[in-house]
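Structural overview for review
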Amino acid sequence: MSAGRGLVFAALIALSACGAPAAEPSVPEAPTASTAEAPAAATDPAPAPTPAPAVTDDALGGRLYDRWYTGKDFAPDNAKTADAIDGRGGPFGNGSLARGDGAPWSNASGHDYRLKNLFGWDLRGSEGIAGPKYQNKKQVLAKNLLSGKESFDELLAWLDKGSPETPAFGPVLSQDELRSLTAFIVGVRDGKLPHPDQIWTLSASTPGNYTLKSGGDATRGAQIIKERCVRCHGADGTAMLFDDDEYSLGTHSRQKAYEDWAKILNGQPGTKMGRQVKGATAQEMAQEILDIFAALCDRKAFPKGSAKGADVADKDPRCGAYLR
């Protein structure tokens, strides 16, 4: 093909692609049967964006259960100054929360809105270790979180909106935080996470009102501590003291395992400590926790150090046969 003929051919193709000049408007013809049946051309609407998956970090949920306002601009009103609400943050701006009906929820008992204070470290409310049969905490509520039958969404809504007996956490926690908190409670209740019954038994007649379950492996527990804990706590657990220097790691565990099980499982709010168990099942995680406790019952390997508080005496029933 010559160059001239090629240019003409290209021009014809371009004209065909772009369309010929518009003709004078004319009255449209009535549609035939075939054209009437053809659907009109339409542009499909853009697909709706897929919502991001909700975050449900049950270890974070356990830390929120412990102390949800760590790192937030919230300080509970002081129960010791009953005539003045003098906290900071929250729906009223004064360190108080609202009940489900919108009324302020009093801090007169000093519960400071931590769920562990309202339902105990074992999540059982007044039926558990914080209840009248055991530690008799005045702020504990009647609801047992581990015997409920609510669905995940029902429990989430209850935490979010509150009730006449409980505060609404929706104004101070994000939806992701609320979902994580719900995941922790449901996980313990339904067997995805360790249940306190797998680690310790309630006892009305012993100090601390609990005794450790049998079946712990102190040798394995000491190895877990060596691998995961010594960097912060030191080889013997005395590098970091707790509660105004009252306890070392060993003395705290020997006296308050009902609390420390939650710390080992979930981590410590406001620190880099996260979940310290690696088991794939609730039983495996519970066994790791019990093994750690069995090791920490050795007073020589994990001594008091410079802690101000007393250690447990010989034959203290909390450690039982693990005590050394």
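These notes cover the structure that comes with them. Numbering of residues begins from 1 in every chain and follows the order in which that chain's sequence is written. Totals for whole chains, interfaces and linings use all residues, but because this is a predicted model, local features are given only for residues with pLDDT of at least 70 and pairs of side-chain atoms are given and counted only at 80 or more. Side-chain numbers here rest on the full set of heavy atoms in the structure, without hydrogens or water.

Concerning the nonpolar core
Buried Ala, Val, Leu, Ile, Met, Phe, Trp, Tyr and Cys residues that are joined via side-chain atoms within 4.5 Å together make up what is termed a nonpolar core. The buried label applies to any residue whose accessible area, calculated with a 1.4 Å probe on protein chains only, is under 20% of its type's maximum; exposed applies above 50%, and partly exposed to all values in between. Of all hydrophobic cores here, the largest spans 61 residues; its most connected members are Trp68, Leu123 and Trp261. Numbering goes from the N terminus for both helices and strands, where a helix is a DSSP run of H or I of at least four residues and a strand is a run of E of at least two. Among the elements of the structure, α3 (58-67), α4 (115-119), α5 (152-161), α6 (175-190), β4 (210-212), α7 (218-228), α10 (257-266) and α11 (282-296) are those that each provide at least two residues to this core. No other element matches α11, which puts nine residues into this core. The source of the domain bounds is an automatic or database domain assignment. Of the residues that make up this core, three or more belong to each of domain 1 (54-192) and domain 2 (194-323).

Some details on the side chain of Asn94
Along the chain, Asn94 turns up in the loop between α3 and β1 (97-98). A contact between two residues is defined here by any heavy atoms of the two lying within 4.5 Å. Not counting residues up to four positions away in its chain, the partners in contact with Asn94 are Asp77, Ile85, Asp86, Gly87, Arg88 and Gly89.

Topic: the environment of Thr81
Within the element layout of this structure, Thr81 appears in the loop between α3 and β1. Sequence separation between Thr81 and Ala108 is 27 residues, and the spatial gap between their C-alpha atoms is 8.8 Å. Any pair of nitrogen or oxygen atoms within 3.5 Å is treated as a polar contact; in protein, a donor-acceptor pairing is required on top of that, and neighbouring residues in sequence qualify only through side-chain atoms on both sides. A distance of 3.0 Å separates a polar atom in the side chain of Thr81 from the backbone oxygen of Asn78. There is a polar contact of 2.7 Å between the side chain of Thr81 and the side chain of Asp86.

Concerning α5
Along α5, the residues classified as buried are Leu155, Leu156, Trp158, Leu159 and Asp160. For α5, the secondary structure elements touched by its buried residues are α4 and α6. Phi turns positive, to about 80°, at Gly162, one or two residues after α5.

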